[in-house]
Amino acid sequence: MIKQHAHYMFWLLLLPLVAVGFWLLKSDAWRLLAWWLALSLPGWLLWPWGTKLLPDGDHGYLLSKGLGLVIPAFIVWTLSFCHILPFARWAIILALFVLGALAWFRNQEWRRIGELVRSPKMSPRLAGSEALFFGALIFWAFARGLKPELDSLEKFMNIGFMNSLWRTTWLPAPDMWFAGGTINYYYFGQYVYTYLSRLTNIRPEIAYNLGMATTFALTVILAYTAGSRLIVLLRRNEKGLSGIWSTFCGLIAAFWVAIAGNSHAFFYSDSGPGNFILRWALARGLISGTVDNPYWFADATRYIGYNPETADKTIHEFPYYSFLVADLHAHVINLAFVLVLIILMTELIGRKRLLKAAADCRATQQQLINSDDKSWHQTELAAVMTRWKTMAGDGLVWLIALLLAVFMMGNYWDFAIYIAVTAIVLLLLNFRGFGSHLKPSSFITVALQGGLLLIPYLWLSHPLAALLGFTVVLVINSYLTLICGDALTLTGAQVSWLFFLSHALSLPFNLSFEPIAKSIARTQAATPFWQLLVLWGPHIAAGLVFLVILLVLHMKPRIRSFPPPAGQRTAKTGLNRFFQPFLLADCLVVGLFIWSICLILLPELVYVVDIYSGDYKRANTMFKFTYQAFVLLSLVWAYAIVRIASLQRRSTIRLAAVVLVLLLVIPAWYPAIATRQWLGAFTTDRYQGLDGLALLTKKDSPQVPGQSGDELAADVAAIRWFNEQIDGHPVILETYGESYTDYCRISAFTGLPTVMGWETHEWLWRTSKETPSAYSAYVLPRQNDVTTLYTTEDQEMRRTLVTQYNIEYIIIGDMERARFSVDKTEQNSPSLLQEDLLLELGTVVFSDGTLLVIQVSQ
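Cut-offs applied
Residues numbered from 1 in each chain as written. Predicted model: local features only at pLDDT ≥ 70, side-chain atom pairs only at ≥ 80, totals over all residues. Heavy atoms only, no water. Helix = DSSP H or I, 4+ residues; strand = E, 2+ residues; numbered from the N terminus. Rg over C-alpha atoms; globule rule 2.2 N^0.38 Å. Contact = heavy atoms within 4.5 Å. Areas by Shrake-Rupley, 256 points an atom, 1.4 Å probe, with all protein chains shown as cover. Lys, Arg positive; Asp, Glu negative; His and termini not counted. Charge placed at Lys NZ, Arg CZ, Asp CG, Glu CD. Expected span 1.5 Å × (residues − 1). Buried < 20%, exposed > 50% of the residue type's maximum accessible area, 1.4 Å probe, protein only. Pairing = 2+ DSSP bridges. Axes fitted to C-alpha atoms, helices over the stretch in contact; angles between N-to-C directions. Parallel < 35°, antiparallel > 145°, perpendicular 65-115°, else oblique. Nonpolar A, V, L, I, M, F, W, Y, C, P; charged D, E, K, R; others polar. Salt bridge = Lys/Arg side-chain N within 4 Å of Asp/Glu carboxyl O. Patch = residues over 30% accessible without salt bridge, like charges linked within 9 Å, V, L, I, M, F, W, Y side chains within 5 Å. Core = buried A, V, L, I, M, F, W, Y, C linked by side-chain atoms within 4.5 Å. Left-handed = near helix turned anticlockwise from the far one by under 90°. Phe/Tyr/Trp six-rings, centres within 6.5 Å; stacked < 30°, edge-to-face > 60°. Disulfide = S-S within 2.5 Å.

For this particular structure, what's the right way to read the overall build of the protein chain?
Helix and strand counts for the protein chain stand at 36 helices and 6 strands. Rg of the C-alpha trace for the protein chain: 28 Å, near the compact-globule value of 29 Å for 858 residues, within the 12% margin. Across its three principal directions, the C-alpha atoms of the protein chain cover 90 × 70 × 65 Å. Taking as baseline every contact in the protein chain between residues at least 6 positions apart, the subset at least 24 positions apart corresponds to 76%. About 33100 Å² of surface is accessible on the protein chain, with carbon and sulfur atoms providing 64% of the total. Distance between charge centroids for the protein chain: 19 Å, based on 65 positive and 59 negative side chains.

Here is the structure:
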């Protein structure tokens, strides 16, 4: 009996992890356990759907953790926007219950899941997967506890979003820095962690750091899944390949996506082995800049435009840097959902019903060519409708559209990047199903399809008008496959459906959102080629080595190739013959590699215009494009190692895998240096807890004159008072401030809206096609009004403004006194702030030291 159930013992692996969690996190361990359960339970509830999507490997167990987070959160988000279901704990539990019932009890899915759990082969694998996730969660929760403060970079903005959402019953959430307005930014990611915060009843200042730990853990397990799924896809053609290779690929992918860096530290750090190469090149004038400065880990993300100094400042971050600095920002949170989509691409590329639809399209055309059927139009039109029903009835396609909708609401750049990835995968699928025979009319037609899609995308800013435009385009582009149907135009029609569906799913959000202006300009300053090589050279080299190996196999007698669908003859075109030696997984990885190169090169050609100009005009474009290029190239590298190493009877070629493994040292150089510089030693005596607000009490704020270590202690006391005593979203008055400072601290940590917050952020959020000059239209007038409220001697004017903005609480603290003093750098500078007149407006309801909170009399 014991031997029969020995495989269940692997689940006991979790017990030592729990013990380690309590040892490292102390009293925070109970919060972590509650958080882990809130993450795991939805994943278990949706696991039956995960097994349908990924019917082999781990049967979708780790994927279900991503699905269990995004699907219920999306449903509650949408229903709250539509005022059907409030954003409340009971509503979240209700949504989980309904989804769980649908997943487990339809077609008796619980029987199949029970068989998997009882399987001696699967049970250890599932236990190991859970241990990987739980261990990564504990590890980064401890890392956040070493430096939990939320007072730098974008943290005020992100915690402000979470606090506003925490107070919100119905979406959209009020903007904490623009009283009377709602958040006009992509905040689905911050919503997701506030959703978990609501579910666990853990306040946002703690949930923020748990959210960073979750993003790290999800990145690890989903990158692992993406890497292993590529090998699972490979094994469908390479039947003799051992399953252990998928584990190897998954582990390499998990480390290189989540923890490795770019190549900068290997060359520029003092101990970097590549440092002598740069010195040699610098001495011969092959490069410019300096290599002698003390290395700082952020240099790897601020290199182009900074060393050497030029008028072309750029940003080129990657995930591990994001985890270190802990900005719970859009591009970081969305990383987990991006990896879910990449995992789904490994299934989409071989989707049988879509392959059959493409093959049927070719068969219909061949049938009509060989007959004198005068009702050809009716026959073709029926075939178009059948193909559309196939696409519209595919649950995988709907899930991809949902993720694309989430990208639009969470990090819009990822929508543009991954609609292209989806199009590449669909094109590869249609080449396989239809064949690769292309005519000149094919390129003309697909160009027309793309142009039609761009019309509503670029020119129709109202969401309903854009959705109607996508509907019309969908009909036209589908009809064009009747006139010229092949792999290219079928892909154009399918992408049109994804555009329509993703915009329909995001419509409730878009109706409350004023789109930030979209325009493209030509890049004026290009990056020196050697700097591109320093940052991404090894990643690109790994992909090129893989591509060369494939071409070598192409020139030799091929080992295996993916067969065409049953009943389909292989077209004898040159393009088809070229792709014949490449297995399905190879084609997918080559497509991801080529698109990654495009993402690196695109900022060298064009950039998306935003409020940042001058030296920083293409910084945002390079940031978002190369961030995803890093993710994709890391997956390509992991696959390349395993693919080459697993070749049978190719001992010479397999030596290339050794080279790729040795190259891994280069990006692996970064994390040890960066972690030590930013987080310090990983010792339990340095753990400070997960409360991101607590350490503000010990801060010497640059915005307050003097050099005291407790300048924000009174502000923190006021924040806690507001959070404990005040419900809803009454408007407060505090000073406005420059972005990335300690100004607007109370609105950020309470979620209570103030008249005007961080100026650059509001300038960006309010800039649109209708309001291109948002600074002069919104930001500056409100700043002037705040100045008037604090400094005017005209009490009637002050009362008028209080009524205009519906202000209920006024804060007078050291920041306000410093902002409205004659000399802001002097501690005892004469103040312009009219404290006595402000006190006349109401009653002091809270005070701590020199800070006062006045409740305005009605």
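How should I be thinking about unusual backbone geometry in this particular structure?
Excluding glycine, most residues fall at negative phi; most peptide bonds, likewise, are trans. Omega for the bond connecting leucine 171 with proline 172 falls within 30 degrees of zero, at 5°, which places this linkage in the cis form. You will see that cysteine 744, though not glycine, has its phi angle at about 65°, which is positive. Within the secondary structure layout, cysteine 744 lies in the loop between strand S3 (731-733) and helix H31 (745-750).

Just to check I follow, could you spell out helix H7 (residues 122-146) for this structure?
Along its 25 residues, H7 runs 37 Å from first to last C-alpha, staying within 8% of the 36 Å computed at 1.5 Å per residue. Of all 25 residues that make up H7, 19 are buried, and the element is covered over most of its length.

What am I meant to see in the side chain of asparagine 411 here?
Counting through the fold element by element, asparagine 411 comes out in the loop between helix H18 (395-410) and helix H19 (412-434). In this structure asparagine 411 comes out as buried when scored by relative accessible area, which is 4%. In contact with asparagine 411, not counting residues within four places along its chain, are Tyr186, Ala330, His331, Asn334, Val406 and Lys624.

I keep staring at the sheet that holds strand S4 (residues 807-812) and nothing clicks. Help me out?
In a beta sheet, neighbouring strands pair by backbone hydrogen bonds and run either parallel or antiparallel. Taken in spatial order, the 4 strands make up an open sheet running S3-S4-S6-S5, and their pairing is mixed. Only two strands of the sheet have a single partner each, and these edge strands are S3 and strand S5 (842-848). Across the sheet, the mean angle separating the axes of adjacent strands is 25° when strand polarity is ignored. Here 4 bridges tie S4 to strand S6 (residues 851-856), and the two strands are oriented antiparallel to one another. Pairing of isoleucine 810 across the sheet is with isoleucine 854, part of S6. On top of the sheet, helix H30 (residues 713-725) reaches S3, S4, S5 and S6; it is set at about 120° to S5, its chief contact.

I tried to follow the packing of helix H15 (residues 330-348) against H19 on my own but got confused; where do I start?
To describe two helices that pack against each other, one gives the angle between their axes and the distance between the axes. Packing of H15 against H19 leaves a shortest axis separation of 10 Å and a crossing angle of 10°. Relative to H19, H15 is oriented roughly parallel. When H15 is examined against H19, the residues Asn334, Val338, Leu341, Ile342, Met345 and Leu348 are found in contact with a partner set consisting of Asp414, Tyr418, Val421, Thr422, Val425, Leu426 and Leu429. Looking at the contact of H15 with H19 residue by residue, the classes come out as 10 nonpolar, 2 polar and 1 charged.

Looking at this structure, I do not really get the pattern of salt bridges. What am I missing?
As a working rule, side chains carrying opposite charge can pair if their charged atoms are close by. All told, the structure shown has 26 salt bridges when counted by the stated rule. With a closest N to O distance of 2.9 Å, aspartate 394 and arginine 351 form a salt bridge. Of the two residues, aspartate 394 is situated in the loop between helix H17 (376-392) and H18 and arginine 351 in the loop between H15 and helix H16 (352-369); the sequence distance between them amounts to 43 residues. A network of salt bridges, in which partner residues are shared, links Asp715, Glu734, Arg745 and Glu816.

Looking at this model, I keep getting lost on the pairing of S5. Mind explaining?
Successive side chains on a regular strand alternate, one facing one side of the sheet and the next facing the other. With 6 bridges connecting them, S5 and S6 associate as antiparallel partners. What sits directly across from valine 844, in S6, is isoleucine 854.

Can you help me understand a nonpolar patch on the surface in this one?
Taken together, the side chains of Trp90, Leu94, Phe97, Val98 and Leu102 make up a nonpolar region of the molecular surface, amounting to roughly 530 Å² of accessible area. With respect to the helices and strands, leucine 102 occurs in helix H5 (residues 89-105). Here leucine 102 falls in the partly exposed class, since its relative accessible area comes to 47%.

Just checking my understanding: could you explain the nonpolar core for this structure?
Across soluble globular proteins, nonpolar side chains have a tendency to be buried as a group. Phe188, Tyr191, Tyr195, Phe407, Tyr418, Tyr670 and Phe722 are the most contacted members of the largest nonpolar core, which has 265 residues in total. Excluding its chain neighbours within four sequence positions, the residues that come into contact with tyrosine 418 are Val338, Leu341, Ile342, Leu404, Phe407, Gln628 and Leu632. Of all hydrophobic cores here, the second largest spans 22 residues; its members include Tyr805, Phe820, Leu838 and Ile854.

Quick question: what am I supposed to make of helix H32 (residues 759-766) here?
Since the α-helix advances by 3.6 residues per turn, residues separated by three or four positions end up pointing in the same direction. Counted residue by residue, H32 has 6 buried out of 8 residues, so it is predominantly covered. Turning to H32, its buried residues are Glu759, His761, Glu762, Leu764, Trp765 and Arg766. On its buried face, H32 is in contact with helix H8 (155-166) and helix H33 (774-791).

Could you clarify how one ought to interpret the packing of helix H2 (residues 28-45) against helix H9 (residues 188-200) in this entry?
Following both chains from N to C, one finds H2 and H9 inclined at 115°, their axes separated by 10 Å at the closest point. On the basis of the axis angle, H2 is roughly perpendicular to H9. The way H2 lies across H9 gives a crossing that is right-handed. For the pair H2 and H9, contact is made by Ala34, Trp35, Ala38 and Leu39 and by Tyr193, Leu196, Ser197, Leu199 and Thr200, respectively. The residue inventory of the contact of H2 with H9, partitioned by class, reads 7 nonpolar, 2 polar and no charged.

I would appreciate a short explanation of the side chain of aspartate 327 in the present structure.
Counting through the fold element by element, aspartate 327 comes out in the loop between helix H14 (319-325) and H15. Dropping the residues within four chain positions of it, aspartate 327 is found in contact with Ser152, Leu153, Glu154, Lys155, Asn158, Tyr208, Met212, Ser322 and Val332.

Would you explain the packing of aromatic side chains in this entry?
A ring pair, where both rings are aromatic, is described by two values, the distance of the centres and the angle of the planes. With the rule as written, the count across this model stands at 71 aromatic pairs. Between phenylalanine 81 and phenylalanine 509, the ring centres sit 6.0 Å apart and the planes meet at 85°, which makes this aromatic pair edge-to-face. Separated by 428 residues along the polypeptide, phenylalanine 81 in helix H4 (residues 61-81) and phenylalanine 509 in helix H23 (residues 507-511) bring together distant segments of the chain. In terms of burial, phenylalanine 81 and phenylalanine 509 fall into one category: buried.

Before we go on, may I ask you to explain the state of the cysteines in this structure?
What makes a disulfide is a covalent bond joining the sulfur atoms belonging to two cysteines. Applying the stated rule across the entire model yields 0 disulfides. Of all cysteine sulfurs, the one in cysteine 249 lies closest to cysteine 587, which takes part in no disulfide; the gap is 16 Å. With a relative accessible area of 6%, cysteine 587 lands in the buried category.

Just checking my understanding: could you explain the environment of valine 606 for this structure?
Among the secondary structure elements, valine 606 is positioned in strand S2 (residues 606-608). Between the alpha carbons of valine 606 and aspartate 691 there is a distance of 42 Å; along the sequence they are 85 residues apart. Once residues lying within four places of it in the same chain are set aside, the contact partners of valine 606 are Ile520, Ala521, Arg522, Thr523 and Thr621.

Explain the pairing of S6 here, please?
The buried count for S6 comes to 5 of 6 residues, which makes it a mostly enclosed element. Adjacent in sequence and paired antiparallel, S5 and S6 are bridged by 2 residues, among which glycine 849 carries a positive phi angle near 60°.

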